[in-house]
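Chain by chain, the residues run as shown.
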Amino acid sequence: MRVLVSGDRGYIGAVMVPFLRAAGHQVDGLDTGLYEGCDLLGGPEPIGGRAPRDMRDVTAGELTGYDAVVCLAALSNDPLGHLNRDATYSVNLEGTLNLARAAKDAGVGRFLFASSCSLYGAAGSEAVAEDAEMFPVTPYGETKALAEQELSKLADDTFSPTYLRNATAYGASTRLRLDIVVNNLTAIALTSGQVRLESDGTPWRPLVHIEDISRAFLKVLESPRETIHDEAFNIGRSEDVVQVRDIAEMVREAVPGSTLSIADGAGPDLRNYKVDFSKLNDTFPDLRLEWTVRKGVDELYDAYRRHGLTLDDFNSAQFVRLRRIQQLLGAGLVDDQLRRQTAEQFPGPKEMN
Ligand SMILES: NC(=O)c1ccc[n+]([C@@H]2O[C@H](COP(=O)([O-])OP(=O)(O)OC[C@H]3O[C@@H](n4cnc5c(N)ncnc54)[C@H](O)[C@@H]3O)[C@@H](O)[C@H]2O)c1
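With an unreviewed UniProt entry as reference, the chain is termed SDR family oxidoreductase, source organism Kribbella sindirgiensis.

Draft legend 1. Examining the overall build of the chain more closely. When its secondary structure is counted, the chain shows 12 helices and 13 strands. The C-alpha radius of gyration computed for the chain amounts to 19 Å, which stays within 12% of the reference 20 Å derived for 353 residues, consistent with globular compactness. If one aligns the C-alpha atoms of the chain with their principal axes, the spans along those axes are about 55 × 45 × 35 Å. Classification of the 353 residues of the chain by burial places 56% in the buried group. Of all intrachain contacts in the chain linking residues separated by at least 6 positions in sequence, the fraction that spans at least 24 positions is 82%. Summing over all exposed atoms, the chain offers an accessible surface of approximately 14000 Å²; the carbon and sulfur share of this is 48%. Taking the 37 positively charged and 52 negatively charged side chains of the chain as two groups, their mean positions are separated by 2 Å.

Draft legend 2. View of the site of the ligand. Taken together, 31 residues sit near the ligand, with Ile12, Asp31, Ser76, Tyr140 and Arg177 positioned nearest. At 3.2 Å from an oxygen atom of the ligand is found a main-chain nitrogen or oxygen belonging to Gly10. Between the ligand and Tyr140 there is a distance of 2.5 Å, counted from an oxygen atom to a side-chain nitrogen or oxygen. Taken by itself the ligand offers 830 Å² of open surface, and the protein chains cover 98% of this. Of all the secondary-structure elements, those providing two or more residues to the shell around the ligand are strand S4 (110-116), helix H4 (139-154) and strand S7 (168-170). In terms of residues, the shell around the ligand owes the most to one element, S4, which gives 3 residues. A breakdown of the residues in the shell around the ligand according to their chemical character gives 14 nonpolar, 9 polar and 8 charged.

Draft legend 3. Structural detail: the sheet that holds strand S9 (residues 204-209). Across the sheet, 3 strands lie side by side as S7-S9-S11; this open sheet has mixed pairing. This sheet does not close on itself; its edge strands, each paired only once, are S7 and strand S11 (241-243). Neighbour to neighbour, the strand axes of the sheet diverge by 50° on average, direction disregarded. Note that S7 and S9 share 3 bridges and pair parallel. Across the sheet, Thr168 pairs through a bridge with Leu207, a residue of S9. Against the sheet, helix H6 (residues 210-222) contacts S7 and S9, and its axis sits at roughly 70° relative to S9.

Draft legend 4. Inspection of the packing of helix H8 (residues 244-254) against helix H10 (residues 293-307) at higher detail. Contact pair H8 / H10: the axes reach a minimum separation of 10 Å and the direction vectors enclose 50°. Taken together, the axes of H8 and H10 lie oblique to each other. For the pair H8 and H10, the sense of crossing is right-handed. Contacts between H8 and H10 involve Met250, Val251, Glu253 and Ala254 from the first element and Val293, Arg294, Val297, Asp298 and Tyr301 from the second. Taken together, the residues that form the contact of H8 with H10 break down as 6 nonpolar, no polar and 3 charged.

Draft legend 5. Representation of the environment of Asn77. For Asn77, the location among the structural elements is in the loop between strand S3 (68-71) and helix H2 (78-83). Expressed as a C-alpha distance, the spacing of Asn77 and Thr138, which sit 61 residues apart in the sequence, is 9.3 Å. Filtering out sequence-adjacent residues up to four positions away, Asn77 remains in contact with Tyr140, Arg177, Asp179 and Arg321.

Draft legend 6. Quick peek at H8. Within the span of H8, buried status applies to Val244, Ile247, Ala248, Met250, Val251 and Ala254. The buried residues of H8 occupy an angular sector of 160° when projected down its axis, which confines them to one face. Its buried side turned inward, H8 meets helix H5 (181-192), strand S8 (194-197), S9, S11, strand S12 (259-262) and H10.

Cut-offs used in this document
Residues numbered from 1 in each chain as written. Predicted model: local features only at pLDDT ≥ 70, side-chain atom pairs only at ≥ 80, totals over all residues. Heavy atoms only, no water. Helix = DSSP H or I, 4+ residues; strand = E, 2+ residues; numbered from the N terminus. Rg over C-alpha atoms; globule rule 2.2 N^0.38 Å. Buried < 20%, exposed > 50% of the residue type's maximum accessible area, 1.4 Å probe, protein only. Contact = heavy atoms within 4.5 Å. Areas by Shrake-Rupley, 256 points an atom, 1.4 Å probe, with all protein chains shown as cover. Lys, Arg positive; Asp, Glu negative; His and termini not counted. Charge placed at Lys NZ, Arg CZ, Asp CG, Glu CD. Near = heavy atom within 4 Å. Polar contact = N/O pair within 3.5 Å; in protein donor to acceptor, adjacent residues only side chain to side chain. Nonpolar A, V, L, I, M, F, W, Y, C, P; charged D, E, K, R; others polar. Pairing = 2+ DSSP bridges. Axes fitted to C-alpha atoms, helices over the stretch in contact; angles between N-to-C directions. Parallel < 35°, antiparallel > 145°, perpendicular 65-115°, else oblique. Left-handed = near helix turned anticlockwise from the far one by under 90°. Arc of directions from axis to C-beta.

Okay, structure coming up:
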């Protein structure tokens, strides 16, 4: 298939694009390039002469000839949503819908939307399936819920959107993020010797490795249309719905000499939910998600050591999305809606220090 991946220069995209290519698909990317230079171990394949592109401006003419669009592009976490709610709505909702409408107008048959289990919000103690009500507790979660609802209105005989509600991702990527829990705890343990919990460790978190996310997207891409048309799937493994303190314990075990500590006065955090993955397993019985959290921690530990990750990296714009956005805003390279103010690729975070 000819596939266009928006957000291909981000954390998941850097793993998914080679994964889809290895399965025989012809894959192009589209990205506004917020994280160019935010590289671990040399970064992803060079971008070549490709110009940065904002999905809020894409037109149908640019999408002609593709069989599928995979939409990963987003402002991808809760702190970014709190920094600037409007920009999160502009990119995650309007940008996604612009890309989808352009795809539909261009005759692209499939639209795979990277949604998130965070749209379930504070769901309580029962594991939530896809038909559960959405209770997002952050602007980021709200945009994912609203985007799904609006995309569904575009579904018809020619256009099949699918909503892949990813659990919280983990795993090594050449566009590493340190603002997600497993990656974060492993990095703190390696660079400081402490596995430090800021919450009391009781919240439940569904987790999934980025290669397994890519595997699930590939499965949806290649499945008969009637199986995936206007359907939502939770993406993850029931074995990897764990409490944050379990993750901390796994990290302590994997990182030699590290000790576990809980911040003074830490309480539970609002984002607490268990997720049911039966629909994914029942719809695609031959789909095997292969990673365990413990294996992922070992992979991260090894990648961090090979890169030579230090405590400075840990607090820099290099691997923390919010800090990189603040850096671009501070330099006037993007406006408050995070629209580019230059046609050139952005300098990397180290060049801007
Ligand atoms: N990482 C997770 O834990 C996780 C969990 C659930 C869902 N998701 C979703 O998966 C997707 C990918 O996440 P990620 O972790 O790779 O995020 P990321 O922040 O690493 O990458 C997002 C990419 O989108 C690009 N982008 C942002 N705004 C754009 C725009 N207007 N036009 C074009 N490109 C734009 C960025 O430059 C970046 O390369 C996101 O939609 C995210 O919400 C991620």
